[in-house]
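Next come the chains, spelled out residue by residue.
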Amino acid sequence: MVTQRNEVLPGTLNLLVLKTLVTLGPLHGYGIARRIEQVSGDLLQLNQGTIYPALLKLEQMGWIRSKWGVSDSNRRARYYSVTPRGRRQLVAEEEEWQRTSAIVARFLKTEKA
Amino acid sequence: MVLRTFLWRLRALFLRRRLEDELADEIRSHLEMQIEDNQRRGMSPEEARLDAVRQFGGIEQVKEEYRDHRSLRFVETIFQDVRFGLRGLRHNPGFTLLALLCLTVGISATTAAFSWIEGILLKPYPAVANQDRMVAVAGTTRGASGFNAVSWPDFQDLQKNSTLMDWFIADRLFGTTLSVGDRAERAAGALCRRIIFRR
């Protein structure tokens, strides 16, 4: 691959996972990881396994919940879905992220006087 | 740690085995789904498996990180250590017995020594509360060095008149030999060596 793939920025994985679950509804870990890679246009280099500790933390915070179910291919899988608290958290994190990136963008635009 | 997280982890402490199995199941189904997708894209089964494992990253690292966040790790570790220790003791009864004996002797000796020290040096007057507020009074003789005993009448005067102290006690009563004219008379309980009083 010629293009450089970026690591997921620390702290953004929560945001990506919550957004994915809000957009697509209940999904298993593999589905979430695939979706994140696809949306990023395969520019994000995600060790798919790291999604599981992240999911655990989100669940402990009460932002998502999980339930065992059966996948399309008739396989037992754990499905994660977002809770009302998780939706509120997502709104907060989206705002936070947009504010941060706007600030950084403004700095990058400044030119030497 | 947020309270919610703490409670979750506390609960997880008792579900350790189940959660461990669930994690293994979850990772297995993840890999299987990836393998299936890979094969659908034309990889051979072996290629598909290797690619799935590569994309997942270190499975054991993920499990370890998961465990770190799953429950109260230090409590889990303590349980493990205790279990390990007990197992070791059961395997080696001779050593266990010896260790128990050493501990028994060691602890009793220390306790006994401390009891002596406490009785003799730290709290020599067991019936007196707040011994740290006790002071000792002794008599002196003008012109002579050192202390001597307080006479019984002096002790009684102190007891009667002092407003500074709560209480006086004599820690030892003893007699002395008085010379009265040309004879000597034994006077019992005439002097006390020291007066202890307490504010």
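Report on the accompanying structure. Just so it is clear, the structure is predicted and the values come from calculations on it, not from any experiment.

A few words on the overall build of chain A. Counting secondary structure elements, chain A contains four helices and five strands. Listing each helix as α and each strand as β along chain A from the N terminus yields β-α-β-α-β-α-β-β-α. A total of 113 residues make up chain A; the buried ones form 43% of that total. Long-range contacts, defined here as pairs at least 24 residues apart, represent 52% of the contacts in chain A between residues at least 6 apart. As displayed, chain A offers around 7,000 Å² of accessible surface, 55% of which is attributable to carbon and sulfur atoms.

What follows concerns the interface of chain A and chain B. Note on interface size: it is often stated as the accessible area lost on association of the parts. Listed as interface residues are 27 residues of chain A and, on the opposing side, 24 residues of chain B. Both faces considered, chain A and chain B share a buried interface measuring about 2,500 Å² in area, 54% of it formed by carbon and sulfur atoms. Three residues stand out in chain A for area buried against chain B, namely Tyr30(A), Tyr52(A) and Gln60(A), and they jointly supply 28% of the buried area on that side. At the junction of chain A with chain B, the criterion picks out five salt bridges. Put simply, Asp25(B) and Arg76(A) hold a salt bridge, and the shortest N to O gap is 3.1 Å. For the interface between chain A and chain B, the tally reads 17 residue pairs in polar contact (both at pLDDT 80 or more). Mapped by element, the contributors of at least two residues to the side of chain A that touches chain B are α2 (29–39), α3 (51–60) and β5 (76–82) of chain A. Considering every element that reaches the side of chain A that touches chain B, the biggest residue donor is α3(A), with six residues. Classifying every residue of the side of chain A that touches chain B by side-chain character gives 10 nonpolar, nine polar and eight charged.

Turning our eyes to something else, we now look at the nonpolar core. Ranked by internal contacts, the top residues of the largest apolar core, which has 35 residues, are Val17(A) and Ile32(A). Sorting the residues of this core by element identifies α1 (12–24), α2, α3 and β5 of chain A together with α1 (3–14), α2 (16–40), α3 (45–56) and α4 (59–70) of chain B as the ones contributing at least two each. In terms of residues, this core owes the most to one element, α3(A), which gives six residues. Ignoring any residue separated from it by four or fewer positions in sequence, one finds Val17(A) in contact with Ile32(A), Ile36(A), Ile51(A), Leu55(A) and Leu58(A).

Bringing the pattern of salt bridges into the picture now. In the structure shown here, the tally under the stated rule is 20 salt bridges over all chains. In this structure, the salt-bridge partner of Glu22(B) is Arg78(A), at a minimum N-O distance of 3.4 Å. Of this pair, Glu22(B) sits in helix α2 while Arg78(A) sits in strand β5, placing the two residues on different chains. Overall, the relative accessible area of 13% leaves Glu22(B) in the buried class. Residue classification places Arg78(A) among the buried residues on the basis of a relative accessible area of 8%.

This paragraph deals with α1(B). Residue and element names in this part refer to chain B. Relative to the 16 Å expected for 12 residues at 1.5 Å per residue, α1 spans 18 Å between its end C-alpha atoms, a close match to the ideal helical length. Among the residues of α1, Thr5, Trp8, Arg9, Ala12 and Leu13 are the ones counted as buried. The buried side chains of α1 occupy one side of the element, clustering within an arc of 150 degrees when seen end-on. More than 90 degrees from the buried face of α1, the exposed residues found are Leu3 and Phe14.

To continue, consider the environment of Glu47(B). Relative to the elements of secondary structure, Glu47(B) occurs in helix α3. Taking the C-alpha atoms as reference, Glu47(B) lies 8.7 Å from Ile35(B); in sequence the two are 12 residues apart.

Conventions used here
Residues numbered from 1 in each chain as written. Chains lettered and ligands numbered in written order. Predicted model: local features only at pLDDT ≥ 70, side-chain atom pairs only at ≥ 80, totals over all residues. Heavy atoms only, no water. Helix = DSSP H or I, 4+ residues; strand = E, 2+ residues; numbered from the N terminus. Buried < 20%, exposed > 50% of the residue type's maximum accessible area, 1.4 Å probe, protein only. Contact = heavy atoms within 4.5 Å. Areas by Shrake-Rupley, 256 points an atom, 1.4 Å probe, with all protein chains shown as cover. Buried area = accessible area lost by both parts, 1.4 Å probe. Salt bridge = Lys/Arg side-chain N within 4 Å of Asp/Glu carboxyl O. Polar contact = N/O pair within 3.5 Å; in protein donor to acceptor, adjacent residues only side chain to side chain. Nonpolar A, V, L, I, M, F, W, Y, C, P; charged D, E, K, R; others polar. Core = buried A, V, L, I, M, F, W, Y, C linked by side-chain atoms within 4.5 Å. Expected span 1.5 Å × (residues − 1). Arc of directions from axis to C-beta.

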